[in-house]
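Take a look at the letters that make up each chain.
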Amino acid sequence: MTILYLGDVTEHEGSTSRAVTLRALGHEVFHIDPEQPLVGGRWQSAFHYRTGYWWLRRRTESWLRSRIGDRNFDVVWVNGGPTIDRRTLVWLRGRARYLVNYNNDDPTGRRDWCRWGTFREAVPGYDVLLAMRSVAVGELQALGAQRVKQVYMSYDDTVMRPQEMSSVEAGHWRSKVLFVGTWMPERGPFLAELVRLGVPLTIYGNRWHKAPEWEVLRAVVRGPALSGLDYVKAIQSADVCLGLLSKGNRDLHTIRSSEIPAVGSLLCAERTVEHTAMYRENIEAVFWADAAECAARCREMLAEPVKRRAIAEAGRRRVLELRMTHACVLQDVLAELDGGAR
């Protein structure tokens, strides 16, 4: 297929790795990012975020027309698409057979409601919307979606796999209980409580200095956000990896829910209906309901290395069975389109 891929072009971002995967599957992919040249600097970005990118609608359409010209495609694949309005989709319809939207975020949730105003108006213009949250399926349908398909957040199996490391590298990345992620208001109290309960925690991520609990967490924050192989090696070198959810995004699983087992480490995550559907508790992953239970599970897993490794190995087998890689998820969606599922 020939695919016009509209999404972030930043290296190591999920958007870019999905575009690379489509090429690896044999498709001809024209990957451009309409946000990067149009959104502007920090203050402009904040303005457009709060106004739902309304003021960029016509500029986005004009920019796309200039970049695309008279080219035609089998599929337009929009990753997120906060600047793509319904009128632009009408124009893109004349350039492609199918219009697909893949959105890792929560565009019908309250936290980022303003940001996704243009997207919500455009919902009826897509042939298929891929949603990561069950609650969003009905909300997108209520907005006029032609078809909504819920999928798990996929991961890049060309990167998220056990890596060969020297003893020096393994020592550098070594940790007992690891969390890799950005500070969010609900995460600070939770992780601070783990520290108070004696969990040997290590954190990598941005914005942690903003946490009201910074004085408690300062000693366990080892560095900023990780990406690429550094991210993989940190996960692989940890005895236990925490899978925290974004409450504002109404998460019941995240991409780390698949990445951690795929790398071969032990997933220790909040007990949700999606996590328990993905993995058998105490066999393929361990779960908890609050900080106290999380601390208890961490201590148990650290004290029982044989059991810990067995669960981690079973979790890796399970994530491979679930077919949650970019290649599997994208291939299935395109196969449905090509089979006339529109």
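Before reading further, recall that the structure is shown in the block above.
Residues numbered from 1 in each chain as written. Predicted model: local features only at pLDDT ≥ 70, side-chain atom pairs only at ≥ 80, totals over all residues. Heavy atoms only, no water.

Focus on the layout of surface pockets
Then step 1. In this structure, the second largest pocket occupies an estimated 240 Å³ of space.
Then step 2. Every residue lining the second largest pocket is listed: Gln236, Ser237, Ala238, Asp239, Gly264, Ser265, Leu266, Arg308, Arg309, Ala312, Glu313 and Arg316.
Then step 3. Residue contributions to the lining of the second largest pocket peak at five residues, all from helix H15 (residues 305–321).
Then step 4. Considering only residue class, the lining of the second largest pocket consists of three nonpolar, four polar and five charged. (1 Å grid on protein atoms, 1.4 Å probe; cavity = no way out; pocket = protein on both sides within 12 Å on 5 of 7 lines; lining within 4 Å. Points joined across faces, edges and corners; volume = space filled by probe spheres on them. Helix = DSSP H or I, 4+ residues; strand = E, 2+ residues; numbered from the N terminus. Nonpolar A, V, L, I, M, F, W, Y, C, P; charged D, E, K, R; others polar.)

Looking at the sheet that holds strand S12 (residues 286–288)
Then step 1. Spatially, the six strands line up as an open sheet ordered S9-S8-S7-S10-S11-S12, and their pairing is parallel. Each edge of the sheet is formed by a strand with only one pairing partner; in this case those strands are strand S9 (221–223) and S12. Between one strand axis and the next, the sheet turns by 30° as a mean value, whatever way the strands run.
Then step 2. The pairing of strand S7 (residues 175–180) with strand S8 (residues 201–204) spans four bridges and is classified as parallel. (Pairing = 2+ DSSP bridges. Axes fitted to C-alpha atoms, helices over the stretch in contact; angles between N-to-C directions.)

Some details on the sheet that holds strand S6 (residues 148–150)
Then step 1. Strand order in the open sheet formed by six strands is S2-S1-S3-S4-S5-S6, and the pairing between neighbours is parallel. Of all the strands in the sheet, just strand S2 (28–32) and S6 have a single pairing partner and so form its edges. With strand direction ignored, the average angle separating the axes of adjacent strands in the sheet is 20°.
Then step 2. Pairing of strand S1 (residues 2–6) with S2, which is carried by five bridges, proceeds in the parallel orientation. Opposite Leu6, over in S2, you have Ile32 as the bridge partner.
Then step 3. Packed on one face of the sheet, helix H5 (residues 86–93) meets S1, strand S3 (73–79) and strand S4 (96–103) and runs near 140° to S4.
Then step 4. On top of the sheet, helix H7 (residues 134–142) reaches strand S5 (128–131) and S6; it is set at about 180° to S6, its chief contact. (Contact = heavy atoms within 4.5 Å.)

Quick notes on unusual backbone geometry
Then step 1. A positive phi angle, close to 60°, is found at Tyr53, a residue other than glycine.
Then step 2. Looking at the element boundaries, Tyr53 is found in the loop between helix H3 (42–50) and helix H4 (57–68).
Then step 3. Among the residues examined, Tyr53 registers a relative accessible area of 4% and is labelled buried. (Buried < 20%, exposed > 50% of the residue type's maximum accessible area, 1.4 Å probe, protein only.)

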